[in-house]
Amino acid sequence: MAVAGEVVTMDEEEQSERKEEEIQNKNPWPNLEELFVFKRQQGNNVIMQCKMCLPSKTELSAYKTSTSNLRKHVVQGVQKRFRVMMEDRELISAAILLPKFKTGWTDKVEVTEAGLLYVRHQLDQMADAEVEQGAESRQHLSDEEDYFSAMKSRKSEGSGELEGYLACASDSMDLLNSFPNIKKLSLKLNTGLPASAACERLFSSAGLLFTAKRARITAQNFENQLLLKLNKSFTGLKL
């Protein structure tokens, strides 16, 4: 009986060890599998590999009950890789002209002001164009009447429309229907290409340039080389 009891005890110990191994080899954050690959556990720390840093193999250590280090890494990576895009006035304006975002997606005042300045400039240009088009239909009016009519049209369709759009609390896309010029500009800045062939060719060329041995290339250098490669027929360079 004592031998049988010892066998049972050994089985329980083996099962307990297996459970501990399974726990150690199990990803504690399966919801982050799109961004990180689980590698192993070291005591109270979890070692993860970042997919966004490929082909460079970047391993990160995070405490098993907190993903703060992983979040910081993602934020820093996005800021480093897309810093130039974050400073592009056209892209900033595209985000502002989406009711879901408006100006609430960033806390940097200079970024918001740059985007709003670009939007106001574009709206003023659109209003001027409409005024010029409407001038032909107002040729029978006197110069004074035509002048004040044009001024009124521009004021109602210019930056005042932007202020009304930003003041609305709604975040539905239907909000754009109430602001025709805002809607036109939003569609212009946020409409994607109707086909992906051009993007696929770009990605293919980028993959040939961005290899494992060139993982530390800067974003600006990479963009310049890609530009030269895609336009080699015009530059006469052999890349």
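Structure: above.
Residues numbered from 1 in each chain as written. Predicted model: local features only at pLDDT ≥ 70, side-chain atom pairs only at ≥ 80, totals over all residues. Heavy atoms only, no water.

1. Structural notes on the overall build of the chain
Scanning the chain from terminus to terminus reveals 11 helices and three strands. In the chain, the succession of helices and strands from N to C terminus is α-β-β-β-α-α-α-α-α-α-α-α-α-α. Put simply, the chain shows about 17,300 Å² of open surface, and 54% of that area lies on carbon and sulfur atoms. (Helix = DSSP H or I, 4+ residues; strand = E, 2+ residues; numbered from the N terminus. Areas by Shrake-Rupley, 256 points an atom, 1.4 Å probe, with all protein chains shown as cover.)

2. A few points about the sheet that holds strand E3 (residues 59-63)
Overall, antiparallel pairing links the three strands, which are arranged E1-E2-E3 in an open sheet. Two strands bound the open sheet, and with one partner strand each, they are strand E1 (36-42) and E3. Taken over all neighbouring pairs, the strand axes of this sheet differ in orientation by 30° on average, direction set aside. In the sheet, E1 pairs with strand E2 (residues 45-50) via six bridges, with the strands oriented antiparallel. (Pairing = 2+ DSSP bridges. Axes fitted to C-alpha atoms, helices over the stretch in contact; angles between N-to-C directions.)

3. What about the layout of surface pockets?
Size it by volume and the largest pocket reaches roughly 1,200 Å³. Taken together, 27 residues make up the lining of the largest pocket; nearest its centre are Gly77, Lys80, Arg81, Phe82 and Ala219. By residue number, the principal contributor to the lining of the largest pocket is helix H2 (residues 68-81), which donates five residues. Per-class residue counts for the lining of the largest pocket are 15 nonpolar, six polar and six charged. Of the volumes computed, that of the second largest pocket is approximately 290 Å³. Forming the walls of the second largest pocket are Val75, Val78, Gln79, Arg83, Met86, Glu87, Trp105, Thr106, Asp107, Lys108, Glu110 and Val111. The set of elements that each furnish at least two residues to the lining of the second largest pocket consists of H2, helix H3 (83-86) and helix H5 (109-135). Residue contributions to the lining of the second largest pocket peak at three residues, all from H2. A breakdown of the residues in the lining of the second largest pocket according to their chemical character gives five nonpolar, two polar and five charged. (1 Å grid on protein atoms, 1.4 Å probe; cavity = no way out; pocket = protein on both sides within 12 Å on 5 of 7 lines; lining within 4 Å. Points joined across faces, edges and corners; volume = space filled by probe spheres on them. Nonpolar A, V, L, I, M, F, W, Y, C, P; charged D, E, K, R; others polar.)

These figures capture arrangement, not role.
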